[in-house]
Amino acid sequence: AQSVTQLDSHVSVSEGTPVLLRCNYSSSYSPSLFWYVQHPNKGLQLLLKYTSAATLVKGINGFEAEFKKSETSFHLTKPSAHMSDAAEYFCVVSDMVANAGKSTFGDGTTLTVKP
Amino acid sequence: GAGVSQSPRYKVAKRGQDVALRCDPISGHVSLFWYQQALGQGPEFLTYFQNEAQLDKSGLPSDRFFAERPEGSVSTLKIQRTQQEDSAVYLCASSPSSHQPQHFGDGTRLSIL
């Protein structure tokens, strides 16, 4: 079985300060991990993915995430927040071997960016 | 555009009515997924197609939910005898294969009165 826990339902930062969105996962095999962003009334946009290559993954819009197997974590970071980063963020685990791409989403983290 | 297209964007129906939601995946994408997203929650898996074959329907909440993809391209999610708890955003996603990231449509927001 696979599962995802996003440790914070809401994160608020000031513009220009770092962002940290935390995610822990559980998977029976070697998972693929993703972060998606969702703006209001929009679908999900892929930020970055981990698929067993480099453990530090760089994505779009300055985001990156580090896969830590020992901690079963895949936290999302960004050095400096922009107002346009305000959105809902989802951590996703997908076990390609056992579940053929079936993805399990976390409950999401709402990021607020204050001016 | 070249993205996943869903229609309608919004659907309001009375309890007990049947509804049909359409998904046009990215051309050439083999895999197609349907998700249900309740307010304030993450998307939850409903069903998965590889071409026209429905390989996994374990997430469909009841036998009132039915999905098809007869020619391996456009897919339709049908909900019969709708109930208030069916109110949610229904997201469709496609990918070149099941091992690659999914591309999402903007969803259909279904409201059951």
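Residues numbered from 1 in each chain as written. Chains lettered and ligands numbered in written order. Predicted model: local features only at pLDDT ≥ 70, side-chain atom pairs only at ≥ 80, totals over all residues. Heavy atoms only, no water.

A.B. asks: Which residues make up the interface of chain B and chain A, and what values go with them?
C.D. replies: Chain B puts 23 residues into the contact, and the matching count from chain A is 18 residues. Summed over the shared surface of chain B and chain A, the result is 1 salt bridge. Between Asp106(B) and Lys42(A) there is a salt bridge; the shortest N-O distance is 3.9 Å. Where chain B packs against chain A, one counts 4 residue pairs in polar contact (both at pLDDT 80 or more). Elements with a contribution of two residues or more to the side of chain B that touches chain A: strand S4 (31-37) and strand S5 (44-50) of chain B. The dominant element in the side of chain B that touches chain A, judged by the number of residues it contributes, is S4(B), at 3 residues. (Contact = heavy atoms within 4.5 Å. Salt bridge = Lys/Arg side-chain N within 4 Å of Asp/Glu carboxyl O. Polar contact = N/O pair within 3.5 Å; in protein donor to acceptor, adjacent residues only side chain to side chain. Helix = DSSP H or I, 4+ residues; strand = E, 2+ residues; numbered from the N terminus.)

A.B. asks: Explain the nonpolar core to me, and be specific about the residues and the numbers.
C.D. replies: Trp35(A), Leu48(A), Leu76(A) and Tyr89(A) are the most contacted members of the largest nonpolar core, which has 26 residues in total. Broken down by element, the residue count for this core peaks at 4 residues, all from strand S10 (residues 87-94) of chain A. Counting residues in hydrophobic clusters, the runner-up holds 20 residues, among them Cys23(B), Leu46(B), Leu60(B) and Cys92(B). (Core = buried A, V, L, I, M, F, W, Y, C linked by side-chain atoms within 4.5 Å. Buried < 20%, exposed > 50% of the residue type's maximum accessible area, 1.4 Å probe, protein only.)

A.B. asks: Just give me the short version of the sheet that holds strand S1 (residues 5-7) of chain B, but keep the residues and values in it.
C.D. replies: Residues and elements named next belong to chain B. Reading across the sheet, the 4 strands line up as S1-S3-S8-S7 and stay open at both edges, with antiparallel pairing between neighbours. The open sheet has two edge strands, S1 and strand S7 (65-68), and neither has a second partner. Strand-to-strand twist across the sheet, computed as the mean angle between neighbouring axes with direction ignored, equals 15°. By the bridge criterion, 3 bridges tie S1 to strand S3 (residues 19-24) in an arrangement that is antiparallel. Each bridged residue has a counterpart across the sheet, and for Ser5 the counterpart in S3 is Asp24. (Pairing = 2+ DSSP bridges. Axes fitted to C-alpha atoms, helices over the stretch in contact; angles between N-to-C directions.)

A.B. asks: Run through the packing of aromatic side chains, naming residues and quoting values.
C.D. replies: All names here are of chain A. What the rule picks out here adds up to 14 aromatic pairs over all chains. Look at Phe34 and Tyr36: their rings are 6.3 Å apart centre to centre, the planes differ by 40°, and that puts the pair in the tilted class. According to the relative accessible area criterion, Tyr36 is buried, its value standing at 3%. A ring pair is formed by Phe63 and Tyr89, whose centres lie 5.6 Å apart and whose planes are at 45°; its orientation type is tilted. Here Phe63, found in the loop between strand S7 (56-58) and strand S8 (64-68), pairs with Tyr89, found in strand S10; they are 26 residues apart in sequence, far enough to count as distant. Take Phe63 and Tyr89: they sit in the same class, and that class is buried. (Phe/Tyr/Trp six-rings, centres within 6.5 Å; stacked < 30°, edge-to-face > 60°.)

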